[in-house]
Amino acid sequence: MSKHVVAAVSDLPAGSRRQVTIKGRPIVVFNLSGEFFALVNRCPHQGAGLCEGEITGLVTSDRPGEFHVSREGEIIRCPWHGWEFDIRTGQSWCDPSRIRIRPYPVEVAPGARLVQGPYVAETVPVRIEEDYVVLEV
Amino acid sequence: MSATTLPRTEAAAETRLRIVDCDVHPAMRSAAELDRWLPPRWQQHRRDYGLRLRQPFTSTYPYPKSAPALSRRDAWPPGGGPPGSDLDFMRQQHLDFHDIEYGMLQPLSVRGMDERVPGFAEAVSCAVNEWQHDDWTAKDKRLKGTIAVPGEDAQAAVKEIERWAGHPDFVQISMVTRALEPLGRSRYWPIYEAAAHFGLPIGLHTLGTSGHSVAGGGWPSYYYEEHQAVAMSLAAMTASFILEGVPERFPDLKLVIIEGGFGWVPSLGWRMDSHWTALRSEVPHLRRKPSEYLQANFWFTTQPVEEPENPEHLRKLIDWIGWDRLLFATDYPHWDSDDPRYAFKCQMSEAEKRAIFAGNAKAVYRL
């Protein structure tokens, strides 16, 4: 595993996502109201790029005619067949134990610490006064 | 000691599996594009009255399709227009990306096949066919058109078939699957006669409201339910063809059922056969068991590929239908499209792959 600077925090505002390629792997990084998460950018069903999917919440129901909306902004639906995945864990809603997308650890680090290394910065120039999203792959 | 690598030759290219995609949807940017091919009288009609199907909404579907333009969310061309409307983007995202050898066009979004107004249905069908030719097949030789016909007007349909038959860019005929009457009824037979005469398969892509509910039991509440019932409506259509005697009367007719899956096919055959032992005297015009017509005259496109929990069950299903009866299709750019690399969750031999992904379609469409 190695650490990779993928974006300045200011370039990845809350609610947004970005596709990056680290060690040849397509990965999508999400900002969920200030928390960052990363998943392989590939649906386990037929391989679509998740990054282009719709970010939504969960609609659940205890009985016909009633429904609850929860976890707004924490679910991504595949752009093709609409499979729902939990952005926090990569688990699918339909079959969470069997169908899941690999998550990667993400942290936010200040530029001042990053310039000392030993991070590998991918195309993102690091300035000491900024904070950065760092992915461990 | 030295190691050498054998050079890869052209033989590698020859053995490479290239795909025939039996369901690709081109789209017009808007219905106004029709005017390029409509006579002035029908241009005026389009502007004054618009296109009208036998359904409650004029510019959308009775059941919203869960995704804008019922399409993959990554299929909107960067240059604008709806998914399927930009040939260059279709090449990049689909034809080149998957190395498609032939793509069979199915124009659905703007159509005359089940237009309500007689005459206009014919004019729009003609225009859609000209559009397929001018904007698609003439520009990319991988694409093959379908002769879209106004099915409720058999005479006009035959005229349109005769206009295109023999044109190398047009390899099948299309009409809606949910018509005013079940498709086996004799009012549609002139179309089948022309199809058999010219050796053109009829591509039956699930489509049409025609005032009837897709589910035999009434109008479903959910798109889910409607989407599910498509397979049942195609099973009913298939039974109509067989029991009314269409393949008995036109033994060379090829019927390709598009976008209905295929899991229902074996049980339909078994059920019709078991009824035949008891009810044969009601349909004395059938000289063979219903399943024999099913296996002789029908082909099925694969999308959406069935996904049973045990992949072996998929193989058993295909064993019954026949490995020579399935034609691979993606349904690009629609949301429920299949990716040729991942669609089949079962193991397949090289020969089986070649048949389903290309060989069967080449035989049916004489490509």
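Conventions and cut-offs
- Residues numbered from 1 in each chain as written.
- Chains lettered and ligands numbered in written order.
- Predicted model: local features only at pLDDT ≥ 70, side-chain atom pairs only at ≥ 80, totals over all residues.
- Helix = DSSP H or I, 4+ residues; strand = E, 2+ residues; numbered from the N terminus.
- Contact = placed C-beta atoms within 7 Å.
- Nonpolar A, V, L, I, M, F, W, Y, C, P; charged D, E, K, R; others polar.
- Buried ≥ 20, exposed ≤ 12 C-beta atoms within 10 Å, placed from the backbone.
- Pairing = 2+ DSSP bridges.
- Axes fitted to C-alpha atoms, helices over the stretch in contact; angles between N-to-C directions.
- Parallel < 35°, antiparallel > 145°, perpendicular 65-115°, else oblique.
- Left-handed = near helix turned anticlockwise from the far one by under 90°.
- Right-handed = clockwise from strand over helix to strand, strands pointing away.
- Core = buried A, V, L, I, M, F, W, Y, C linked by C-beta atoms within 7 Å.
- pLDDT = per-residue confidence, 0-100.
- Expected span 1.5 Å × (residues − 1).
- Bend = angle between axes of the 7 residues up to and from the residue.

**Q** Help me out: how do you make sense of the overall build of chain A in this one?
**A** A count of helices and strands for chain A gives 1 helix and 11 strands. Going from the N terminus to the C terminus, chain A shows its helices and strands as β-β-β-β-β-β-β-β-β-α-β-β. Its C-alpha atoms put chain A at 55 × 25 × 20 Å along the principal axes. When contacts within chain A are restricted to residue pairs at least 6 apart in sequence, those whose partners lie at least 24 apart make up 47%.

**Q** Where do I start with the interface of chain A and chain B in this structure?
**A** When the parts of a complex come together, some accessible area is lost, and that lost area is often used as the size of the interface. Counting residues at the interface gives 10 residues for chain A, matched by 13 residues for chain B. In the side of chain A that touches chain B, the residues fall into 2 nonpolar, 6 polar and 2 charged.

**Q** Would you mind showing me how to read the pairing of strand β6 (residues 255-258) of chain B here?
**A** On a regular strand, one side chain projects to one face of the sheet and the next to the other, so that they alternate. All names here are of chain B. Covered by surrounding structure in β6 are Leu 255 and Ile 257 together with Val 256 and Ile 258, the residues of both alternating faces. When strand β5 (residues 202-205) meets β6, the two strands line up parallel, connected through 4 bridges. Bridge pairing in β6 links Ile 202 to Leu 255.

**Q** What am I meant to see in the packing of helix α5 (residues 154-164) of chain B against helix α6 (residues 189-198) of chain B here?
**A** Each pair of packed helices can be summarised by the angle the axes make with each other and by the distance between the axes. All names here are of chain B. α6 packs onto α5 with a crossing angle of 15° between their chain directions and a minimal axis gap of 8 Å. Looking at the two axes, α5 sits roughly parallel to α6. Two packed elements cross with a definite hand, and for α5 against α6 that hand is right-handed. Every residue of α6 that contacts α5 at Ala 154, Gln 155, Ala 157, Val 158, Ile 161 and Glu 162 is listed here: Pro 190, Ile 191, Ala 194, Ala 195 and Phe 198. A breakdown of the residues in the contact of α5 with α6 according to their chemical character gives 9 nonpolar, 1 polar and 1 charged.

**Q** How should unusual backbone geometry be read in this particular structure?
**A** Glycine aside, residues mostly have negative phi, and peptide bonds are mostly found in the trans state. All names here are of chain B. Note that the residue after Gln 303, namely Pro 304, is joined by a cis bond; omega there is -5°. Of note, Pro 304 is situated in the loop between β7 (298-301) and α11 (311-321). Cis geometry marks the peptide bond from Tyr 332 to Pro 333, where omega comes out at 0°. For Pro 333, the position within the fold is in the loop between β8 (326-327) and α12 (350-365).

**Q** Would you explain the pairing of strand β3 (residues 143-148) of chain B in this entry?
**A** All names here are of chain B. Judged by how many residues are buried, β3 sits mostly within the fold: 6 of 6 residues are covered. Of the two faces of β3, the one lined by Leu 143, Gly 145 and Ile 147 and the one lined by Lys 144, Thr 146 and Ala 148 are each fully buried. Alignment of strand β2 (residues 100-105) against β3, held across 2 bridges, turns out to be parallel. In the sheet register, Gly 103 faces β3, and the bridge partner there is Leu 143. With α5 bridging β3 and the parallel strand β4 (residues 170-174), this β-α-β connection has right-handed handedness.

**Q** Where do I start with the sheet that holds strand β6 (residues 68-77) of chain A in this structure?
**A** The strands that make up a sheet pair up through hydrogen bonds in the backbone, lying either parallel or antiparallel. All names here are of chain A. Spatial strand order, β5-β6-β7: 3 strands in an open sheet with antiparallel pairing. Two strands lie at the open edges of the sheet, namely β5 (54-60) and β7 (84-86), each paired on one side alone. For this sheet, the mean angle separating the axes of adjacent strands, direction not counted, is 60°. Sheet analysis places β5 next to β6, joined by 6 bridges and oriented antiparallel. Following the sheet pairing, Thr 60 is matched in β6 by His 68.

**Q** Would you mind going over the nonpolar core with me for this structure?
**A** As a rule of thumb, soluble globular proteins bury nonpolar side chains together. Val 149, Ile 191, Ala 195, Val 256 and Leu 327 of chain B are the most contacted members of the largest nonpolar core, which totals 85 residues. No other element matches the 9 residues that helix α4 (residues 120-137) of chain B contributes to this core. If we skip the residues at most four places from it in the chain, Val 149 of chain B touches Met 113, Ser 125, Ala 157, Glu 160, Ile 161, Ile 173, Ser 174, Met 175 and Ile 191 of chain B. Counting residues in hydrophobic clusters, the runner-up holds 32 residues, among them Ile 27, Val 133, Val 134 and Leu 135 of chain A.

**Q** Before we go on, may I ask you to explain the sheet that holds strand β8 (residues 103-104) of chain A in this structure?
**A** All names here are of chain A. The strand order across the open sheet formed by 4 strands is β2-β3-β4-β8, and the pairing between neighbours is antiparallel. Taken across any chain shown, the strands that pair with only one partner, and hence form the sheet edges, are β2 (17-22) and β8. Bridge count between β2 and strand β3 (residues 25-32): 6 bridges; the pairing is antiparallel. When the sheet's bridge partners are listed, Thr 21 is paired in β3 with Pro 26.

**Q** How should I be thinking about the confidence of the model for chain B in this particular structure?
**A** Detailed reading of the predicted coordinates is not advisable wherever pLDDT is low. Across chain B, the average pLDDT comes to 94, with 96% of residues at or above 70. The ipTM for the predicted assembly is 0.82, set against a pTM of 0.92.

**Q** Any chance you could explain α12 of chain B here in plain terms?
**A** Residues that lie three or four places apart on an α-helix share one face, since the helix turns once every 3.6 residues. Residue and element names in this part refer to chain B. End to end, α12 covers 22 Å across 16 residues, agreeing with the expected 22 Å (1.5 Å per residue, within 8%). A bend of about 50° at Ile 356 is the largest found in α12. Considered for burial, the residues of α12 that qualify are Ala 355, Ile 356, Phe 357, Ala 358, Asn 360, Ala 361, Val 364 and Tyr 365. In this fold, the buried residues of α12 make contact with β1 (19-24), β2, β4, β6, β7 and β8. Phi turns positive one or two residues past the end of α12, at Arg 366, with a value near 50°.

**Q** Honestly, the environment of Trp 164 of chain B in this entry has me stumped. Any pointers?
**A** Residue and element names in this part refer to chain B. Following the sequence through the fold, Trp 164 ends up in helix α5. Taking the C-beta count within 10 Å as the criterion, Trp 164 has 23 such neighbours and is therefore assigned buried. Remark: the alpha-carbon pair of Trp 164 and Ile 147, spanning 17 residues in sequence, is separated by 7.1 Å. Beyond its immediate stretch of four places on either side in the chain, Trp 164 contacts Asn 129, Ile 147 and Phe 170.

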